[in-house]
Amino acid sequence: MKKRLSGYDSNKRYFWSPAFDCVNDDDHLRIGAFDFGGDAGGIFPELYYITQRGATPCEMMQRFTSVDPGKLEKLIKELVQKRVLVSSILSPSEIFEVQSRMFKNEYDEETFLNPARLEEYRRKQLNRRPNLNETGKILLEQKEAYPELISQRRTYRTFDTDHRISMKTLSQLMSVFRQVCSEGEIRYYYASAGGLYPVDIYVYAKDNRVESVQGGLYYYSPIDNSLVLANSSCVITEAAHLFTNKDIFRSSALSLFFIYNADVSMPKYGGMAYFYACIDTGLMVGALTAVAELNDIGICSVGSMEFDRIKKYFHLNENQTLLHTVEAGLKPKI
Ligand SMILES: Cc1cc2nc3c(=O)[nH]c(=O)nc-3n(C[C@H](O)[C@H](O)[C@H](O)COP(=O)(O)O)c2cc1C
């Protein structure tokens, strides 16, 4: 039997994560933000090259026979633990945060700490226009008012915590994600690349906030439009949220987690399937927004959270990753 050492799984092939650069400054190795000092320099860039196509820890060990095996094993474990060497698809933050390396940023951090400068930045962005000749401009008229679900929509960050969401309202809200079978064909109320629908939805309901629903984590099954209890004992707390979003979570009744399942669409679309799933998620939240507005439910998208703190409750496989979270609750009574 192959051994499973704590820190890595010897059966798995590990890949160098594209999220990490590897720089050797004066024989001083730096991988991403981590400083590995002078010791590890001897196995680089070789380790970087051999893990581009994936290598098991054993293959890595065999490659560097002149290096102290104890030290090498420790280093490999550290690289796995820091997710420099990965055996799963990357999270959105791992993929996208590196883009800022190439981006020419004319703003410093102070802009986002100083309210006046932040407002100036926001105004500039909201008033941007391409540099075009205005003589070709056609002014459009909007004669018909949009229905309130579009014109009155806004983000809610506080919710009515005195009343429970009724089962009818919960059902209306979630059913926008259901499968509809008509004339032998499966369809949904929103579009998805290739009609594959690779985004799984989990719902966390707080205790006593939804009629007839015990607190816990549920998987939403679009096949029979049901909530299947995935974990009854887990308690998600505000610790899973960034400081600015903790109040939103404290007041919400439900959290919806949109999880990309690469097994569904990567076989067909390769890496671009991930990008399409991000777009699918936007369309799903758009559909959710409409039914929420029709049912007196307020919602707030949450861009980033400390998902690693609660990931264990979801029992995801290595081809699944969180794309987006939405907090929801009854709109507050005014
Ligand atoms: C992708 C995405 C991420 C967001 N993340 C957050 C968030 O983390 N916290 C928050 O309070 N609002 C968040 N929002 C809500 C926006 O701040 C909000 O839509 C924006 O300020 C415009 O306000 P409105 O929706 O009321 O028109 C997010 C919205 C989107 C689409």
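A quick note: this is a predicted structure, and the numbers were derived from the prediction, not measured.

Q: Quick one: what's the story with the overall build of the protein chain, residue by residue and with numbers?
A: Per the secondary structure count, the protein chain includes 11 helices and 13 strands. By its C-alpha atoms, the protein chain is 75 × 60 × 45 Å across when sized along the principal axes. Scored against the burial criterion, the 334 residues of the protein chain give a buried share of 25%. Sequence-distant contacts, at least 24 apart, represent 70% of the contacts inside the protein chain between residues at least 6 apart.

Q: Describe in detail the site of the ligand, supporting the description with residues and values.
A: Every residue lining the ligand is accounted for by Arg154, Thr155, Arg157, Asn245, Ile248, Cys300, Ser301, Val302 and Gly303. For the shell around the ligand, the element with the most residues is strand β12 (residues 297-302), which contributes 3 residues.

Q: So what about the nonpolar core? Which residues, and what values?
A: Val199 and Val203 are the most contacted members of the largest nonpolar core, which totals 45 residues. When contributions to this core are tallied by element, the ones reaching two or more residues are α8 (167-174), β8 (199-205), β9 (216-221), α9 (246-251), β11 (254-261), α11 (272-294), β12 and β13 (320-330). Counting residues in each nonpolar core, the second largest holds 18 residues, with Tyr14, Ala40, Ala55 and Val84 among its members.

Q: Pulling in residues and values, what's your account of the pairing of β8?
A: Taking burial as the measure, the 7 residues of β8 include 6 buried ones, the bulk of the element. Here β8 pairs with β11 via 7 bridges, running antiparallel. Counted as the bridge partner of Asp200 is Ile259 from β11. Alignment of β8 against β9, held across 5 bridges, turns out to be antiparallel. When the bridges of β9 are listed, Tyr202 appears paired with Tyr219.

Q: With reference to specific residues and values, describe the sheet that holds strand β4 (residues 34-37).
A: The 3 strands are arranged β2-β3-β4 in an open sheet whose pairing can be described as antiparallel. The sheet is open, and its two borders are formed by β2 (22-25) and β4, each paired with just one other strand. The mean angle between the axes of side-by-side strands here comes to 25 degrees, regardless of whether they run parallel or antiparallel. The sheet contact formed by β2 and strand β3 (residues 28-31) spans 4 bridges and is antiparallel. Note on β3: the bridge partner recorded for Val23 is Arg30.

Q: Describe the confidence of the model for the protein chain, and please don't skip the residues or the numbers.
A: Residue-level pLDDT values for the protein chain average 94, and 97% of them are 70 or greater. A low-confidence stretch, residues 1-5 stays under pLDDT 50, and its non-local contacts, those more than four residues away or across chains, total 6 contacts.

Q: Can you explain helix α3 (residues 69-81)? Please cite residues and give values.
A: In a regular helix each residue adds 1.5 Å, so 13 residues correspond to 18 Å; α3 covers 18 Å between its end C-alpha atoms and thus fits that length. Three or more residues of α3 are buried, namely Leu72, Leu75, Ile76 and Leu79. One side of α3 carries all its buried residues, which in axial view fall inside an arc of 100 degrees. When the buried face of α3 is taken as reference, the exposed residues oriented beyond 90 degrees from it are Gly70, Lys74 and Gln81. On the buried face of α3, the contacting elements are α2 (57-63) and β5 (85-86).

Q: So, the sheet that holds β13: which residues are in play, and what are the values?
A: Picture the strands of a sheet paired through backbone hydrogen bonds; they go either parallel or antiparallel. The strand order across the open sheet built from 6 strands is β10-β9-β8-β11-β13-β12, with neighbouring strands paired in antiparallel fashion. Every other strand in the sheet has two partners, leaving β10 (226-231) and β12 as the edge strands with one partner each. Geometrically, the sheet is characterised by an average inter-axis angle of 30 degrees between neighbouring strands, direction not taken into account. Across the face of the sheet, α11 comes into contact with β8, β11, β12 and β13 while running at roughly 10 degrees to β13.

Q: Lay out the environment of Gly32 with the relevant residues and their values.
A: Relative to the elements of secondary structure, Gly32 occurs in the loop between β3 and β4. C-beta crowding within 10 Å serves as the criterion here: with 15 such atoms nearby, Gly32 is assigned to the partly exposed category. For the pair Gly32 and Asp21, spaced 11 residues apart in sequence, the C-alpha to C-alpha distance is 5.3 Å. Once residues within four sequence positions are removed from consideration, Gly32 is found in contact with Phe20, Asp21 and Val84.

Cut-offs used in this document
- Residues numbered from 1 in each chain as written.
- Predicted model: local features only at pLDDT ≥ 70, side-chain atom pairs only at ≥ 80, totals over all residues.
- Helix = DSSP H or I, 4+ residues; strand = E, 2+ residues; numbered from the N terminus.
- Buried ≥ 20, exposed ≤ 12 C-beta atoms within 10 Å, placed from the backbone.
- Contact = placed C-beta atoms within 7 Å.
- Near = placed C-beta within 6 Å.
- Core = buried A, V, L, I, M, F, W, Y, C linked by C-beta atoms within 7 Å.
- Pairing = 2+ DSSP bridges.
- Axes fitted to C-alpha atoms, helices over the stretch in contact; angles between N-to-C directions.
- pLDDT = per-residue confidence, 0-100.
- Expected span 1.5 Å × (residues − 1).
- Arc of directions from axis to C-beta.

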